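Examining the three-dimensional arrangement
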Amino acid sequence: MHSILKFQSAFAESEILTFNTLPHFCTTALHMGQARKFNLIEGEVLLQSINHYLAHVELFEYSLRQDASIDFLISEPSFLMYVVQHKSACFLCYRPAGEYHKVIPAGIHKILVITFRLDWLIYKSKKLTALKPLIACFNESDNRYVNLPAFGMSTSIFNLLIKMDVKTNDLAMDADFYNFINSCINKYYKRLVGGDITSVYYQKKASAIAEFIKKNFATELVDDLADLAARFMMSERNLMRLSKMAFGIPLHAQVIKIRMYYGVKYLLTTNKPIREIAGLVGYKDPHYFSSAFKKCFGVSPKFLIQG
């Protein structure tokens, strides 16, 4: 398999490096990796990558004089593990195909991204059942992204990578890489289900919130934050945090997104007037519906009717 992370930012220049010509800010030199250095206005980025049939490993090291804004493309739905050294964080996530944006803070940082082969992680999830929220999004072709909880285990994962790279050779690479990938998943999973029971509870709560919003998006129930928080027996702050975990965007933005989806559907498939459609998707005042619709799509609902 190959990397699904494609940079779209305009780099000033890039160059392929060998193990002996890695830049001074490189702290983890991979013998078995392919290296390329990108020169940005804000500084330098070193990318070392290892390709295997089970996963694609990309190690990014940054030396930035100021914050850098980077756009990148994920070319197909993917299960990823992010390991961020400066935050001491490691988490698994699902990302649908699409364009993404990230701001990298100034300084020297290291981020490891592991893109797993889809069918392999789906197979693993049959036994590792707490991974099912990721698999469900892929199976349903869901266009939202999902993050499982982050744990402070970045050092452990980086040590596994270094150990694998140092000990392996051409004859043992396949087995060693398999052990590395398996160990990354298993270590994370143990933290997910054993080291932090609360995280599993929150993941279930996030799924329950997502289901409630999906069923009640057109009612006033989803507009009352305090009532929603009481319904799920949590603070408003935790409700907003878990909603972001469930949808990948804030709760209010998700409600509008669903309302607009059904608004377009009714406009294109029925002869109902705009006033009635507004009510069906949760707006008492059709003017508010029209305003939200135009903000979302750039045209008024009348444009679709006339078209």
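1. Topic: the overall build of the protein chain
Looking only at helices and strands, the protein chain features 11 helices and 11 strands. Across the 307 residues of the protein chain, 46% fall into the buried class. Of the contacts made within the protein chain by residues no fewer than 6 positions apart, 65% connect residues no fewer than 24 positions apart. In the protein chain, 36 side chains carry a positive charge and 26 a negative one; their mean positions are 6 Å apart.

2. Re the side chain of Ser 125
Note that Ser 125 resides in helix 1 (residues 118-125). Assessed through its relative accessible area of 5%, Ser 125 is described here as buried. For Ser 125, the contacting residues outside a window of four places in its chain are Leu 131, Lys 132 and Ile 135.

3. Quick notes on the sheet that holds strand 8 (residues 89-95)
If you trace the 8 strands from one edge of the open sheet to the other, you get 2-3-4-5-10-7-8-11, paired in antiparallel fashion. A strand with exactly one partner marks an edge of an open sheet, and here the two such strands are strand 2 (13-17) and strand 11 (146-147).

4. Looking at the pattern of salt bridges
Taken as a whole and assessed by the stated rule, the structure comprises 8 salt bridges. Two residues, Lys 284 and Glu 220, come together in a salt bridge whose shortest N-O distance is 2.6 Å. Residue Lys 284 is located in the loop between helix 9 (274-280) and helix 10 (286-297), and its partner Glu 220 is located in the loop between helix 5 (197-216) and helix 6 (225-231); the two are separated by 64 residues in the primary sequence. With relative accessibility at 74%, the residue Lys 284 sits in the exposed group. By relative accessible area, Glu 220 is classed as exposed at 52%. When the shortest N-O distance is used, the salt bridge between Lys 272 and Glu 276 registers 3.4 Å. Judged by its relative accessible area of 32%, Lys 272 falls in the partly exposed class. Here the salt bridges share partners, and the residues they tie into one network are Glu 15, Lys 37 and Glu 44.

5. Re the nonpolar core
Nonpolar side chains in soluble globular proteins tend to end up buried together. Ranked by size, the top nonpolar core spans 61 residues in total, and within it Met 81, Leu 92, Leu 112, Ile 114, Phe 116, Phe 180 and Tyr 188 carry the most contacts. With 8 residues, the top contributor of residues to this core is helix 4 (residues 173-195). Judged by nonpolar contacts, the second largest core, of 29 residues, contains Ile 213, Leu 228, Leu 242 and Val 281.

6. Considering the pairing of strand 8
Most of strand 8 sits inside the fold, with 7 of its 7 residues counted as buried. Of the two faces of strand 8, the one lined by Ala 89, Phe 91, Cys 93 and Arg 95 and the one lined by Cys 90, Leu 92 and Tyr 94 are each fully buried. Pairing of strand 7 (residues 78-84) with strand 8, which is carried by 7 bridges, proceeds in the antiparallel orientation. The residue bridging Val 84 from the neighbouring strand is Ala 89, located in strand 8. Linkage of strand 7 to strand 8, two consecutive antiparallel strands, is achieved through a turn of 4 residues, within which Ser 88 is found at a positive phi near 50°. Pairing of strand 8 with strand 11, which is carried by 2 bridges, proceeds in the antiparallel orientation. Opposite Tyr 94, over in strand 11, you have Val 146 as the bridge partner.

7. What about the packing of aromatic side chains?
Throughout the structure, instances matching the rule amount to 15 aromatic pairs. Centre to centre, the rings of Phe 79 and Phe 138 are 5.9 Å apart; their planes meet at 65°, and the pair counts as edge-to-face. Here Phe 79, found in strand 7, pairs with Phe 138, found in helix 2 (residues 132-139); they are 59 residues apart in sequence, far enough to count as distant. For Phe 79, a relative accessible area of 0% translates into the label buried. Ring plane angle 90° and centroid distance 5.8 Å describe the contact between Phe 212 and Phe 232, whose orientation is recorded as edge-to-face. One end of the pair, Phe 212, is in helix 5; the other, Phe 232, is in the loop between helix 6 and helix 7 (236-247), and 20 residues separate them in sequence. In this pair, the class of Phe 212 matches that of Phe 232, namely buried. One aromatic cluster is present, built from ring pairs that chain together Phe 217, Tyr 261, Tyr 262 and Tyr 266. The ring of Tyr 283 has Arg 259 sitting right over it, with the charged end atom 5.2 Å from the ring centre.

8. A few points about the environment of Phe 212
Residue class for Phe 212 comes out buried when judged on its relative accessible area of 14%. Among residues more than four places away in sequence, those in contact with Phe 212 are Leu 221, Leu 228, Arg 231 and Phe 232.

9. With respect to helix 1
Taken as a whole, helix 1 has its buried residues at Trp 120, Leu 121, Lys 124 and Ser 125. Along the long axis of helix 1, the arc covered by the buried residues comes to 140°, so they all point the same way.

10. Here we look at the pairing of strand 3 (residues 34-39)
In this structure, strand 2 lies alongside strand 3, joined through 5 bridges in antiparallel fashion. Bridged to Ile 16 within strand 3 is Arg 36. The pairing of strand 3 with strand 4 (residues 43-51) spans 6 bridges and is antiparallel. Opposite Arg 36, over in strand 4, you have Leu 47 as the bridge partner. Joining the antiparallel neighbours strand 3 and strand 4 is a turn of 3 residues.

Definitions and limits used
- Residues numbered from 1 in each chain as written.
- Predicted model: local features only at pLDDT ≥ 70, side-chain atom pairs only at ≥ 80, totals over all residues.
- Heavy atoms only, no water.
- Helix = DSSP H or I, 4+ residues; strand = E, 2+ residues; numbered from the N terminus.
- Buried < 20%, exposed > 50% of the residue type's maximum accessible area, 1.4 Å probe, protein only.
- Contact = heavy atoms within 4.5 Å.
- Lys, Arg positive; Asp, Glu negative; His and termini not counted.
- Charge placed at Lys NZ, Arg CZ, Asp CG, Glu CD.
- Pairing = 2+ DSSP bridges.
- Salt bridge = Lys/Arg side-chain N within 4 Å of Asp/Glu carboxyl O.
- Core = buried A, V, L, I, M, F, W, Y, C linked by side-chain atoms within 4.5 Å.
- Phe/Tyr/Trp six-rings, centres within 6.5 Å; stacked < 30°, edge-to-face > 60°.
- Lys NZ or Arg CZ within 6 Å of the ring centre and 35° of its normal.
- Arc of directions from axis to C-beta.

Geometry only, nothing functional implied.
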